[in-house]
Amino acid sequence: QVQMVESGGGLVQAGGSLRLSCAASGRTFSSLAMGWFRQAPGKEREFVSAISRNGARTYADSVKGRFTISRDNAKNTVYLQMNSLKPEDTAVYYCAAQTYSGSSVHTRNYDYWGQGTQVTVSL
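Figured I'd write up the structure that's included with this text. (Residues numbered from 1 in each chain as written. Predicted model: local features only at pLDDT ≥ 70, side-chain atom pairs only at ≥ 80, totals over all residues. Heavy atoms only, no water.)

### Concerning the layout of surface pockets
- Empty space within the largest pocket amounts to approximately 250 Å³.
- Surrounding the largest pocket, 16 residues form its lining, Ala-33, Ser-52, Arg-53, Gln-98 and Gly-102 being those nearest its centre.
- Taken together, the elements giving at least two residues each to the lining of the largest pocket come down to β5 (46-51) and β6 (57-59).
- Considering only enclosed or pocket space, the second largest pocket measures out at about 160 Å³ in volume.
- If you go around the second largest pocket, you meet 13 residues; those closest to its centre are Arg-38, Lys-43, Glu-46, Glu-88 and Asp-89.
- Its residues assigned to classes, the lining of the second largest pocket comprises two nonpolar, three polar and eight charged. (1 Å grid on protein atoms, 1.4 Å probe; cavity = no way out; pocket = protein on both sides within 12 Å on 5 of 7 lines; lining within 4 Å. Points joined across faces, edges and corners; volume = space filled by probe spheres on them. Helix = DSSP H or I, 4+ residues; strand = E, 2+ residues; numbered from the N terminus. Nonpolar A, V, L, I, M, F, W, Y, C, P; charged D, E, K, R; others polar.)

Structure representation (structure tokens):
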């Protein structure tokens, strides 16, 4: 069992920044690939970014160049630095853990999920 706790969400103006954190426990963190997903009302949960066990990064086209994912294995934590935020970034952001090899961009390939943290970007 892996448990994740997200933090860092909030309300920010367009063009501003937020840093999300996800602390994981219950399994050796270095063995996990980690991802961030988001879900807006009326929409399916969509891929935002992922980082492999080796630190390789993947980004959705919608956030590339604005968001940066990173991990600190010593702290069992993955981060999502979000810059140049847009109103369309408004969503609940979820941290997820992948315990086996598979595509990082599909929700079905993740085994454990956090409860989510709300990010709201105002005009």
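Here the narrative resumes.
### So, unusual backbone geometry
- Positive phi is not limited to glycine here, since Asn-76 has a value of about 50 degrees.
- Mapped onto the elements, Asn-76 comes out in the loop between β7 (67-72) and β8 (77-82).
- We note that Ser-84 has phi near 50 degrees; this positive angle belongs to a residue other than glycine.
- Residue position: Ser-84 is located in the loop between β8 and β9 (91-98).

### A word on the pattern of salt bridges
- The tally for this structure, following the rule as stated, stands at three salt bridges.
- Linking Asp-89 and Arg-38 is a salt bridge whose minimum nitrogen-to-oxygen distance equals 2.9 Å. Taken together, the residues Asp-89 in the loop between β8 and β9 and Arg-38 in strand β4 (residues 33-39) connect sequence positions 51 residues apart. Here Asp-89 matches Arg-38 in class, with each residue buried.
- Note that Asp-89 and Arg-66 form a salt bridge whose closest N and O atoms lie 2.7 Å from each other. Here Asp-89, found in the loop between β8 and β9, pairs with Arg-66, found in the loop between β6 and β7; they are 23 residues apart in sequence, far enough to count as distant.
- According to the relative accessible area criterion, Arg-66 is buried, its value standing at 10%.
- Through salt bridges with shared partners, a single network forms among Arg-38, Glu-46, Arg-66 and Asp-89. (Salt bridge = Lys/Arg side-chain N within 4 Å of Asp/Glu carboxyl O. Buried < 20%, exposed > 50% of the residue type's maximum accessible area, 1.4 Å probe, protein only.)

### Points about the packing of aromatic side chains
- Summed over the entire model, instances satisfying the criterion amount to four aromatic pairs.
- Judged by centre distance (6.0 Å) and plane angle (55 degrees), the ring pair of Tyr-110 and Trp-113 falls under tilted.
- Residue Tyr-110 is classed as buried on the basis of its relative accessible area of 5%.
- In this structure Trp-113 comes out as partly exposed when scored by relative accessible area, which is 25%.
- If you follow Arg-45 out to its NZ or CZ, it ends over the ring of Tyr-94, 3.7 Å from the centre.
- Between the NZ or CZ atom of Arg-45 and the centre of the ring of Trp-113, over which it lies, the distance is 5.0 Å. (Phe/Tyr/Trp six-rings, centres within 6.5 Å; stacked < 30°, edge-to-face > 60°. Lys NZ or Arg CZ within 6 Å of the ring centre and 35° of its normal.)

In short, geometric facts, not functional conclusions.
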